[in-house]
Structures are given as C-alpha cells and as structure tokens.
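Residues per chain, in single letters:
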Amino acid sequence: MQNKGKKTNKKVQLVYKPYKKGSAYNKGLLKRSLRVLAYFFLFLFLYFILGTALQFDNQVLTMLANLLVVFTAGGLMFMDGARVGEGDVAFGETVLTREEKGRGLSKDDIARCYHPMKAVVTAFLGVVPILLLTIPFAVTSEKQVYILQGLPSWVSSFREGYADMAAPLSYYPTSATLTAWDILRVIVRLLNLPFVSMVNGMEANALLWVDRLCPILVCLPAVGYPLGYLTGPRHRAMVHGNISRNQKRHEKMKRKAEKARRNRNTQKTNQII
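To start, this report covers the structure provided alongside it. Because the structure is a prediction, the values reported are computed rather than measured.

1. Overview of the overall build of the protein chain
And then number 1: Check the secondary structure of the protein chain and you find 12 helices and 0 strands.
And then number 2: Walking the protein chain from its N terminus toward its C terminus, one meets helices and strands in the order α-α-α-α-α-α-α-α-α-α-α-α.
And then number 3: The buried share of the protein chain, reckoned over its 273 residues, is 32%.
And then number 4: In the protein chain, the proportion of contacts linking residues at least 24 apart, taken out of those at least 6 apart, comes to 82%.

Put into structure tokens, the structure is as follows:
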C-alpha cells in the first residue's frame, strides 16, 4: 500500500494587528447605502428574468428554489460587506501608524476607519426607501378576496322588466377602479416577488402573511451586508497570517539555500586538500 501524501496546506494562523476605530457614520456612508440599494434592484431584475424557471408543480420544491435565490442574494451581500470591512480595517491600521508617527489626521480619515455599527447604518439607509413603501402596505394589508364587479350597460334593463333577475344582478353594483392602494400593492409585491412566488397557489391567508411581513422579508438579503462587515477584522487577520506564513517560508528556503551553499563550499575545500 502506498502511503498517503502529507497535507501541505496548513490552516492559516490569524494575526491581529491594532487599528484605529472610526465612527458609525462618515461622508462615504451614503454612497455605500446606495450600493446596497443598487444590489437589491439588481437581484430583483435578475429574478424577473429567471423567476419563471423557479416555479414547479411541487409547492415544496418551489419554496426551496426561491429560498435558495434569497440566500444567494444574501450571500453576495455578505461577501461585499466582508470586502468593505476588511478595507476599513486596513485603513484603520494605516491611520493608527500615521498617528503613532505624529502625523496630522483629519476627522474624515478617523471616521472612515472600521466601526461595527457602520455597516448596520449603511444597510438601514439602503433599505429605507423600500421600508417607506412596505411598512404602510403591511399595516393596511387585508385578506385578498375576489368580488363581483360591474356588468355591461345593456344588462341593467333586465332589473326593471324581470323581478326574479333583479336580486342576482344586485350583486354587481360596483365598477372596477384603480386606486392608489392597488398601485402600492403591485409595487410592494414586485419588491417581494420571491416570497410571493413561494405562496403562489396556496390559500389567501398565506399571501396575507407575506404582505404583513413584507418589510422584514424584503430586507432579509440586506442583512448579509452587516454580517459580512463584522468579519472584516478576521479577514484582515487572515491576510496578515498569509503574509507571515509566506515570510517564514521564504526565510526557511533562504536558510536551506545558505546551508546547501556552505556544504558545497566545504566539499570543494576538502577536494582541494
């Protein structure tokens, strides 16, 4: 039997370095929040294109497929938050080094450094426009039922000449009109389309719960951004760990090369003697 090869990939040792802590708000925060909002609409646009492929005859399979899409969007938000968090930690290390050297620092530079609450504020500002639409709709949402609407004008003549037909026709007193609430319902359900698709074909109570919980459901992917941002110090420590491991590996190779050179010189000296 052949011996299994030894694993060469060792776990990277985390190396944490001190950094300057910033504030929860800085000038570039609004730009980041717009980035979160842009991500949301990008995911929604892609779902408009691919959403029809996620509808199956099996309701459970449809729900799992749509949940996978939601978690994928949250995962991409997580990765972007981790990238930004690592960058803020790196900037905080630079600011701390400049501070220790006695160099002048502006308030904007200090505020830009890593702060745990910065991503929470960023994500919240990014979803504020969505919350302004979904919260009023969730508060006023009602169970959706189908009602009888208007009839053609020529049918109204039967109410006068036929008494036995007047009672059934009285169920058609209203005409269909488009209200502001109907427009809001369409917009919110488009924003919440993955979860609306999950309950498609189910009873009206399921759709009612989706409407009432829409402010929370719509913001679920955005939760990945602050969660990823909080891993910024760890990702930065991994970068320092990789640098330290590569330096040790380089020094080890250098020592081996130096030892081999000394051995060759010794052998040449012995041959001459």
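2. Some thoughts on helix H7 (residues 180–191)
And then number 1: The end-to-end C-alpha distance of H7 is 17 Å, a good match for the 16 Å that 12 residues give at a rise of 1.5 Å each.
And then number 2: Looking at the packing, one finds that the buried side of H7 touches helix H1 (29–50), helix H4 (118–140), helix H8 (193–198), helix H9 (204–212) and helix H10 (214–218).

3. A closer look at the packing of aromatic side chains
Given two aromatic rings, one states the distance between the centres and the angle between the planes to describe the pair.
And then number 1: Applying the stated criterion across every chain, the model contains 5 aromatic pairs.
And then number 2: Pairing Tyr39 with Phe43 gives two aromatic rings, centres 5.9 Å apart and planes at 20°, and the pair type is stacked. Pair noted here: Tyr39 and Phe43 are both in helix H1, with a separation of 4 residues, about one helical turn.
And then number 3: According to the relative accessible area criterion, Phe43 is buried, its value standing at 16%.
And then number 4: Aromatic side chains Tyr114 and Tyr229 sit 4.9 Å apart centroid to centroid with 10° between the ring planes, which places their arrangement in the stacked category. Separated by 115 residues along the polypeptide, Tyr114 in the loop between helix H3 (107–112) and H4 and Tyr229 in helix H11 (residues 220–229) bring together distant segments of the chain.
And then number 5: Following the ring pairs from residue to residue traces out a cluster consisting of Tyr19, Tyr114 and Tyr229.
And then number 6: For the cation-ring pair, Arg212 lies above Trp209, with the distance from its terminal atom to the ring centre recorded as 5.9 Å.

4. Some points on the pattern of salt bridges
And then number 1: Using the criterion set out here, one finds 8 salt bridges in the structure.
And then number 2: Between Arg32 and Asp88 there is a salt bridge, with the nearest N and O atoms lying 2.9 Å from each other. With Arg32 in helix H1 and Asp88 in helix H2 (residues 59–100), this residue pair connects regions lying 56 residues apart in the sequence. An identical accessibility class is assigned to Arg32 and Asp88; each is buried.

5. Here's the deal with empty space enclosed by the protein
In this approach, a probe sized like a water molecule rolls over the atoms, and the result shows the empty space that is left.
And then number 1: For the structure on display, the rule yields 2 cavities of 30 Å³ or more.
And then number 2: In this structure, the largest cavity spans a volume of roughly 160 Å³.
And then number 3: If you trace the largest cavity, you find 14 residues lining it, with Phe40, Phe43, Val70, Pro194 and Pro221 closest to the centre.
And then number 4: Of all the elements, H1 adds the most residues to the lining of the largest cavity, at 4 residues.

6. A closer look at the side chain of Asn192
And then number 1: Counting through the fold element by element, Asn192 comes out in the loop between H7 and H8.
And then number 2: Here Asn192 is in contact with Val210, Cys214, Leu217 and Val218, once residues within four sequence places are set aside.

7. Some words on the environment of Gly228
And then number 1: Among the secondary structure elements, Gly228 is positioned in helix H11.
And then number 2: For Gly228, a relative accessible area of 0% gives the class buried.
And then number 3: Considering only alpha carbons, one finds Gly228 and Asp80, 148 residues apart in sequence, at a separation of 7.1 Å.
And then number 4: Not counting residues up to four positions away in its chain, the partners in contact with Gly228 are Phe78, Gly81 and Ala82.

8. What to know about the environment of Pro233
And then number 1: Looking at the secondary structure, you find Pro233 in helix H12 (residues 232–272).
And then number 2: Overall, the relative accessible area of 16% leaves Pro233 in the buried class.
And then number 3: Each C-alpha atom, one on Pro233 and one on Ala90, is 8.7 Å from the other, the two residues being 143 residues apart in sequence.
And then number 4: Those residues in contact with Pro233 that lie beyond four places of it in its chain are Tyr16, Tyr19, Val89 and Tyr114.

Scoring rules and cut-offs
Residues numbered from 1 in each chain as written. Predicted model: local features only at pLDDT ≥ 70, side-chain atom pairs only at ≥ 80, totals over all residues. Heavy atoms only, no water. Helix = DSSP H or I, 4+ residues; strand = E, 2+ residues; numbered from the N terminus. Buried < 20%, exposed > 50% of the residue type's maximum accessible area, 1.4 Å probe, protein only. Contact = heavy atoms within 4.5 Å. Expected span 1.5 Å × (residues − 1). Phe/Tyr/Trp six-rings, centres within 6.5 Å; stacked < 30°, edge-to-face > 60°. Lys NZ or Arg CZ within 6 Å of the ring centre and 35° of its normal. Salt bridge = Lys/Arg side-chain N within 4 Å of Asp/Glu carboxyl O. 1 Å grid on protein atoms, 1.4 Å probe; cavity = no way out; pocket = protein on both sides within 12 Å on 5 of 7 lines; lining within 4 Å. Points joined across faces, edges and corners; volume = space filled by probe spheres on them.

Remember that the coordinates give geometry; whether it matters functionally is a separate question.
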